[in-house]
Amino acid sequence: MEDGLDVMDGGDLREYLDFLLWHYRVVDAFWFIETAEASGQEAAEAMNERVWGRVAGMAAHDLRRRFGIGATGLAGFVETLRLFPWAIIAGYTIEERKDEVVITVPSCPSQEARLRRGQGEYVCREMHRAEFTSFACEVDPRIRVECVHAPPDPHPSGEYCRWRFTMAEEGAS
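Below or above, wherever it landed, is the structure these notes cover.

About the cut-offs
- Residues numbered from 1 in each chain as written.
- Predicted model: local features only at pLDDT ≥ 70, side-chain atom pairs only at ≥ 80, totals over all residues.
- Heavy atoms only, no water.
- Core = buried A, V, L, I, M, F, W, Y, C linked by side-chain atoms within 4.5 Å.
- Buried < 20%, exposed > 50% of the residue type's maximum accessible area, 1.4 Å probe, protein only.
- Helix = DSSP H or I, 4+ residues; strand = E, 2+ residues; numbered from the N terminus.
- Contact = heavy atoms within 4.5 Å.
- Expected span 1.5 Å × (residues − 1).
- Pairing = 2+ DSSP bridges.
- Axes fitted to C-alpha atoms, helices over the stretch in contact; angles between N-to-C directions.
- Parallel < 35°, antiparallel > 145°, perpendicular 65-115°, else oblique.
- Left-handed = near helix turned anticlockwise from the far one by under 90°.
- Nonpolar A, V, L, I, M, F, W, Y, C, P; charged D, E, K, R; others polar.
- Lys, Arg positive; Asp, Glu negative; His and termini not counted.
- Salt bridge = Lys/Arg side-chain N within 4 Å of Asp/Glu carboxyl O.

With that out of the way, let us pick up the nonpolar core. Phe 77, Leu 81, Phe 84, Tyr 92, Ile 103, Phe 135 and Phe 165 are the most contacted members of the largest nonpolar core, which totals 37 residues. Sorting the residues of this core by element identifies α1 (10–39), α2 (41–66), α3 (73–81), α4 (85–89), β2 (100–105), α6 (125–139), β3 (143–149) and β4 (161–167) as the ones contributing at least two each. With residues near it in sequence (within four places) discarded, Phe 84 still touches Trp 52, Ala 56, Ala 59, Leu 63, Glu 131 and Phe 135.

Below, the discussion takes up α6. Counted at 1.5 Å a residue, the expected span for α6 with its 15 residues is 21 Å, and the 21 Å between its end C-alpha atoms agrees. Of the positions making up α6, those classed as buried are Met 127, His 128, Glu 131, Phe 132, Ser 134, Phe 135, Ala 136 and Val 139. Of the surrounding secondary structure, the elements contacted by the buried residues of α6 are α2, α3, α4, β2, β3 and β4.

Turning our attention to the sheet that holds β4. If you walk across this open sheet you meet the four strands as β1-β2-β4-β3, and the pairing is antiparallel. Bordering the open sheet on either side are β1 (93–96) and β3, each of which pairs with just one other strand. Across the sheet, the mean angle from the axis of one strand to that of its neighbour is 20°, orientation sign disregarded. Relative to the sheet, α3 contacts β1, β2, β3 and β4, its axis offset from that of β2 by approximately 25°. Its contacts with the sheet place α6 against β2, β3 and β4, and it is angled at close to 155° to β3.

Within the secondary structure layout, Ala 60 lies in helix α2. With a relative accessible area of 0%, Ala 60 lands in the buried category. Between the C-alpha atoms of Ala 60 and Asp 153, which are 93 residues apart in sequence, the distance is 27 Å.

One way to put it is that α2 packs onto α6 with a least axis distance of 7 Å and a crossing angle of 25°. By the angle class used here, α2 and α6 are roughly parallel. Crossing hand, α2 versus α6: right-handed. Counted together, Asn 48, Glu 49, Trp 52, Gly 53, Arg 54, Ala 56, Gly 57, Ala 60, His 61, Leu 63 and Arg 64 of α2 and Glu 126, Met 127, Ala 130, Glu 131, Ser 134, Phe 135, Glu 138 and Val 139 of α6 form the full contact between these two elements. For the contact of α2 with α6, the per-class residue count stands at eight nonpolar, five polar and six charged.

Turning to the packing of α3 against α6, a few remarks are in order. When two helices pack together, their arrangement is given by the angle between the helix axes and by the axis-to-axis distance. Direction vectors running N to C along α3 and α6 enclose 120°, while the axes themselves pass 9 Å from each other. In terms of orientation, α3 and α6 fall into the oblique class. As for how α3 packs across α6, the hand of that crossing is right-handed. Of the residues in α6, those touching α3 at Gly 73, Gly 76, Phe 77, Thr 80 and Leu 81 are Phe 135, Ala 136 and Val 139. When its residues are assigned to classes, the contact of α3 with α6 shows five nonpolar, three polar and no charged.

Let's shift gears to unusual backbone geometry. Residue Pro 151 is joined to Pro 152 through a cis peptide bond whose omega torsion reads 25°. With respect to the helices, strands and loops of the structure, Pro 152 is situated in the loop between β3 and β4.

Moving on, we come to α3. Counting buried positions along α3 yields seven of nine residues, so the element is predominantly enclosed. Looking only at α3, the buried set comprises Gly 73, Leu 74, Gly 76, Phe 77, Val 78, Thr 80 and Leu 81.

This part takes up the side chain of Arg 64. Inspection of the secondary structure puts Arg 64 in helix α2. The buried charged residue Arg 64 lacks any salt bridge, with Glu 138 as its nearest oppositely charged partner at 6.0 Å.

Here it is as structure tokens:
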């Protein structure tokens, strides 16, 4: 039995991929909004942290398996992260330096949607810490995650958050 994907060409598949990424974002947004309305903002933020702390590692594991990514360390982290849906949705800027990787999020769809609705930024720092730590650990447990800034921290215009990834020194844990 054929499904709709079987009859799509490359252009249609790309269009469908764009739809899936958009829908992924919409489902995440409405899940958060409904949770906040039903249980309060703090509860929604705590649940968001638990959910993304779990699913990010699952995503890294699955991406590595599906795309045959065997590299570890910061190079393996970046290779895997470039395929992570939120990296694509939010347009992460990924800077690879000699001993570190820096991720900057110039436009955050979630925060921008809240601001358009007249709501303030929500506290996402610990959610992203859990997300990035889970993702990085799946690639290489030696990767360390440091938040340079993320809401509720003050941040420059045109940059919602910035994260730094380094390798733990030998013998450190």
